[in-house]
Amino acid sequence: MCSRLTHRGTANIISLGKIVETKPAVAFHTLGCKLNQAESELLARQFAEAGYRVVSGDGADIHVLNTCTVTHIADRKSRHLLRLWRKRNHRALLIATGCYAERAPEELSQAGADLVVGNEQKMLLLDVLKDEYAPVARCSAEQFVADGVSRVRSFIKIQDGCNDACAYCIVPRVRGREHCLAMADVVNEVKARVAACYKEVVLTGTKIGAYKHNGANLKQLVEQILVVTGVERLHLSSLQPQDISPQLLNLWQDPRLCRHFHLALQSGSDAVLRRMRRRYSAAGYRRAVSLIRKIVPDVAITTDIMVGFPGEGIEEFEESYCFCQEIDFADIHVFSYSSRPGTVAARTPGQVDDRVKKERSLRMLELAQRSAHKFCQRFLGQNMMVLWEKEVAPGSEIYSGLSHNYIRVFAESKGPLTNQFLPVRLVRLHNQGLWGEVIR
Ligand code: SF4
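**A word on the overall build of the chain**
In terms of regular secondary structure, the chain is built from 16 helices and 21 strands. Burial statistics for the chain: of 440 residues in total, 53% are counted as buried. The long-range fraction of contacts in the chain, counting pairs at least 24 apart against all pairs at least 6 apart in sequence, stands at 73%. Charged side chains in the chain number 59 positive and 47 negative. The centres of these two groups are separated by 1 Å.

**A closer look at the packing of helix 14 (residues 282-295) against helix 15 (residues 314-327)**
At a minimum axis separation of 11 Å, helix 14 and helix 15 run at an interaxial angle of 10 degrees. Between helix 14 and helix 15, the angle is such that the two are roughly parallel. In this structure, the crossing between helix 14 and helix 15 has a hand that is right-handed. Residues Ala 282, Tyr 285, Arg 286, Val 289 and Arg 293 of helix 14 form the contact with helix 15, whose own contacting residues are Phe 323, Glu 326 and Ile 327. Looking at the contact of helix 14 with helix 15, its residues break down into 5 nonpolar, no polar and 3 charged.

**A closer look at the environment of Glu 412**
Locating Glu 412 in the fold gives a position in strand 19 (residues 408-412). A relative accessible area of 60% places Glu 412 in the exposed class. As a C-alpha pair, Glu 412 and Gly 436 span 24 residues in sequence and 8.2 Å in three-dimensional space. Aside from chain neighbours lying at most four places away, what touches Glu 412 is Glu 397, Ile 398 and Trp 435.

**Focus on the side chain of Glu 200**
Structurally, Glu 200 is set in strand 10 (residues 200-204). Here the side chain of Glu 200 touches Arg 153 through a polar contact of 2.9 Å, side chain to side chain. Side chain to side chain, Glu 200 and Arg 233 meet in a polar contact 3.1 Å long. Every residue in contact with Glu 200, bar those within four places of it in the chain, is listed here: Val 152, Arg 153, Ser 154, Arg 233, His 235, Leu 387 and Tyr 406.

**Regarding the sheet that holds strand 17 (residues 383-391)**
Here 5 strands make up a closed barrel; going around it, the order is 17-18-19-21-20 and the pairing mixed. Each strand axis lies, on average, 50 degrees off the axis of its neighbour in the sheet, ignoring direction. Of the strands in this sheet, strand 20 (421-430) and strand 21 (433-438) are in contact with helix 16 (residues 354-377), which crosses strand 20 at around 125 degrees.

Conventions we followed
- Each chain has its residues counted from 1, running along the sequence as written.
- Selection of residues for local features in this predicted model requires a pLDDT of at least 70, selection of side-chain atom pairs for listing and counting requires 80 or more, and totals for whole chains, interfaces and linings are taken over all residues.
- Think of the side-chain values as coming from all heavy atoms in the structure, minus any hydrogens and water.
- Each helix is a run of H or I in the DSSP string that is no shorter than four residues. Each strand is a run of E no shorter than two, and both are numbered from the N terminus.
- Three exposure classes are used, based on accessible area relative to the maximum for each residue type with a 1.4 Å probe and protein chains only: buried under 20%, partly exposed in between, and exposed over 50%.
- We call two residues in contact when some of their heavy atoms are within 4.5 Å.
- When charges are counted, Lys and Arg contribute as positive and Asp and Glu as negative, whereas His and the chain ends are disregarded.
- For this purpose, a charge sits on NZ of Lys, CZ of Arg, CG of Asp or CD of Glu.
- Orientation is described by axes fitted as lines to C-alpha atoms, over the contacting stretch for helices, and by angles from 0 to 180 degrees between their N-to-C directions.
- Note on terminology: angles under 35 degrees are roughly parallel, angles over 145 are roughly antiparallel, angles of 65 to 115 are roughly perpendicular, and the others are oblique.
- A clockwise turn of the near helix away from the far one marks a right-handed crossing, whereas an anticlockwise turn of less than a right angle marks a left-handed crossing.
- Each residue gets one of three labels, nonpolar for Ala, Val, Leu, Ile, Met, Phe, Trp, Tyr, Cys and Pro, charged for Asp, Glu, Lys and Arg, and polar for the others, Gly among them.
- Counted as a polar contact is a pair of N or O atoms within 3.5 Å, where, for protein atoms, one must be capable of donating a hydrogen and the other of accepting one, and residues adjacent in sequence contribute only when both atoms are in side chains.
- DSSP-based pairing: two strands are paired if at least 2 bridges between them are found.

Structure (structure tokens):
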């Protein structure tokens, strides 16, 4: 995998030298997947330990943008943010890293990034900056938290890269071949997050079902985490149908495992799946879903659906739509196909018109909304344990959190609920999930 490190110039770094005396404030902004979130979280921790103040918002001395390049819209968002920060604060040091930085560093430099750091050097960012200047004082873990980094949920990367070659996907090019972290390292990371009072840990990667290290697979890794750590809630970010087996699902006898499976479908049409070079069929997907539902009660199954893949005819779209209706997802993330330079699909004839993609996307979104409401409705009147995250708006006394099966729940409370597991009675529908009454 080629990596990128480009330097647009040193002007901002030199001007930052003045700010360094008072400890620079660094803000991390993350686009894209949970893997990017895990990496941003780790970077933020490294920066805090090295003496930077980790802050949120626009006014930082240094902005680190962890980019995504999965669609042209993600690319556009990155360029927009860089231009915006440059306009608002011409003295700030703007650093772009992540998948877009790996794919097209020059585009990010043109948009205003002072430094563009590819995926391979992403975790060495601190060293790159150390060569330019070093902050004077160190910041404690408490301060890191006080500066606005939530301790409710923590993302841990266990795997990276992908050896598959799905026709539309740019990920293998920007993330390289599959590689996994050692089991002992992951377990130690989980223990460290538990010690820092995080209630939930999310295991992330490009393809976590492919986890393998020294003979250990994903099942063994999860088992080990459950046995040797005190993690209160463990969540697997995303799996593929071929990862699902009765042996893996038996782990869900432990109530600490979130009853939520995100299984990317992309299309419910076998012909489209074949052209996408996905490694499962609609029937295989259906079998995986029934197995999960048989073993894991009240489970939420969510998915990604792509509309307008090259050559997707109206019959294939309808087939995909009907399949999604049949599966009855708890939620569907709908994407319009976006041509990525260098992928097989970008060169495939039969590119679908943007207007048609928009129509299909709107129909799928409407189905997604109906399915999500239907799923939530099933739980009205029941009591559920919720991990409360934060007050929706400061002073609103309305808190939001997630149930074990990832339903977003809202409740009023005079006292703070953040970072507590508290039971709630689910009383009515909310446009983003359910309303509840906290049971104390
Ligand atoms: S499995 Fe396919 S879609 Fe997923 S990262 Fe690999 S190539 Fe991309």
